[in-house]
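Notes for the structure review
Read off the chains here:
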Amino acid sequence: MRVRDAAAGGDADAGVLGTALGVVLAFSLAEGSWEWFSTYLGLTLLAVVLAFGRVPVRRAVGYGWHLAAYSLVVGLCVALALAPALQRWDWLFPMPGTREGCVQAGRYESLHTKAALGDLAGQDAAALAYAQDRQSRVAVDDCLSATTTRWLPVYALGTALVVSGGAWVWGRARRSS
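Numbers given to residues run from 1 along each chain, matching the order in which its sequence is written. In keeping with the predicted nature of the model, local features appear solely for residues at pLDDT of at least 70, side-chain atom pairs appear and are counted solely at 80 or more, and the whole-chain, interface and lining totals rest on all residues. Hydrogens and waters are ignored; side-chain quantities use all the structure's heavy atoms.

Comments concerning the overall build of the protein
For the purposes of this entry, the term helix denotes a DSSP run of H or I that reaches at least four residues, the term strand denotes a run of E that reaches at least two, and both are numbered from the N terminus. Each helix and strand in the protein was counted, giving six helices and zero strands. Ordered by position from the N terminus, the helices and strands of the protein form the series α-α-α-α-α-α. Taken over 177 residues, the protein has a buried fraction of 34%. Entry remark: accessible area of the protein is about 11,100 Å², with carbon and sulfur atoms responsible for 66%. Classification of residues uses two cut-offs on accessible area relative to the type maximum, computed with a 1.4 Å probe and protein chains only: under 20% is buried, over 50% is exposed, and between them is partly exposed. Reported accessibility uses the Shrake-Rupley method at a 1.4 Å probe radius. Residues are deemed covered only where the shown protein chains occlude them.

Section: the pattern of salt bridges
We count a salt bridge whenever a side-chain nitrogen from Lys or Arg sits within 4 Å of a carboxyl oxygen from Asp or Glu. Counted by the stated rule, this structure contains one salt bridge. For Asp 133, the salt bridge goes to Arg 137, with nearest N and O atoms at 2.8 Å. Placement of the pair is Asp 133 and Arg 137 together in helix α6 (residues 125–176), with a separation of four residues, close to one helical turn. With relative accessibility at 37%, the residue Asp 133 sits in the partly exposed group. Owing to a relative accessible area of 51%, Arg 137 belongs among the exposed residues under this scheme.

Brief notes about the confidence of the model for the protein
In predicted models, pLDDT denotes the confidence assigned by the predictor to each residue on a 0 to 100 scale. Considering every residue of the protein, the mean pLDDT works out to 77; 76% of them sit at 70 or more. Per-residue pLDDT, averaged within each element of the protein, yields its smallest value for helix α1 (residues 2–7) (41) and its largest for helix α4 (residues 63–88) (86). Contacts: residue pairs with any heavy atoms within 4.5 Å of one another. Confidence over residues 1–9 falls short of pLDDT 50; this stretch has 10 contacts with residues more than four positions distant or in other chains.

Overview of a nonpolar patch on the surface
Residues enter a patch when their relative accessible area is above 30% and they make no salt bridge; the linking distance is 9 Å between like charges and 5 Å between nonpolar side chains (Val, Leu, Ile, Met, Phe, Trp, Tyr). A cluster of nonpolar side chains, contributed by Trp 36, Trp 89 and Trp 91, occupies part of the molecular surface with about 410 Å² of accessible area. Turning to its location among the elements, Trp 91 is positioned in the loop between α4 and α5 (98–117).

Considering the side chain of Thr 39
Along the chain, Thr 39 falls in helix α3 (residues 37–52). A relative accessible area of 16% means that Thr 39 is categorised as buried. Non-local contacts of Thr 39, meaning those with residues more than four positions away in its chain, are made with Leu 80, Ala 81 and Pro 84.

What to know about α3
To estimate the expected span of a helix, count its residues, drop one, and scale the result by 1.5 Å. Across its 16 residues, α3 extends 22 Å between first and last C-alpha, which sits within 8% of the 22 Å expected from 1.5 Å per residue. Along α3, the residues classified as buried are Ser 38, Thr 39, Gly 42, Leu 45, Leu 46 and Val 49. Taken end-on, α3 shows its buried residues confined to a sector of 135°, consistent with a single buried face. Counted as exposed and oriented over 90 degrees from the buried face of α3: Phe 37, Tyr 40, Ala 51 and Phe 52. This arc describes the spread of directions from the helix axis toward the C-beta atoms.

Quick look at the environment of Gly 42
Inspection of the secondary structure puts Gly 42 in helix α3. Residues Gly 42 and Cys 77 lie 35 residues apart in sequence; the distance between their C-alpha atoms is 4.6 Å. Sequence-distant contacts of Gly 42, that is, excluding residues within four places in its chain, are made with Cys 77, Leu 80 and Ala 81.

Brief notes about the nonpolar core
Ranked by internal contacts, the top residues of the largest apolar core, which has 15 residues, are Trp 34, Val 49, Val 74, Cys 77 and Leu 152. For this core, the elements supplying multiple residues, two or more each, are α3, α4 and α6. It is α4 that contributes the most residues to this core, eight residues altogether. Buried Ala, Val, Leu, Ile, Met, Phe, Trp, Tyr and Cys residues form a nonpolar core when they are joined through side-chain atoms within 4.5 Å.

Written out as structure tokens, the structure reads:
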């Protein structure tokens, strides 16, 4: 009887729930610039969902809830995998003014670094340039990271809508054949 329940979406969804918790944990641990390791985590979690999770069966009890949960978890995995690319490639994340604002924040931080060093700034120009460049990069990365993090739910929800729409159409096609 347990096998039948799992096929209908019962125990098989425990893997999906575990993956969702893993994605939430990964988001909560992500600080500063999104690194490519999050792409690896997102793709790994997505592979686990696709390998062990099942697209809900239309005639199963609670179909809508199971489909929503499955779709949202897939969306989270995709968003986690895309985060570094969204932060680095403006063609994938076309936010007018955002990147320029982050560059301005970097310039401000560079000036702030020079001002903080005061009289020491004139003693070693190379060290000052390095410190300014480093602080500027950190400021730009943090700005882009914050913007990326704010917009990731939109990408995740868009993916979830595509997945749920595809599952609905696929279930309807299977049902009619």
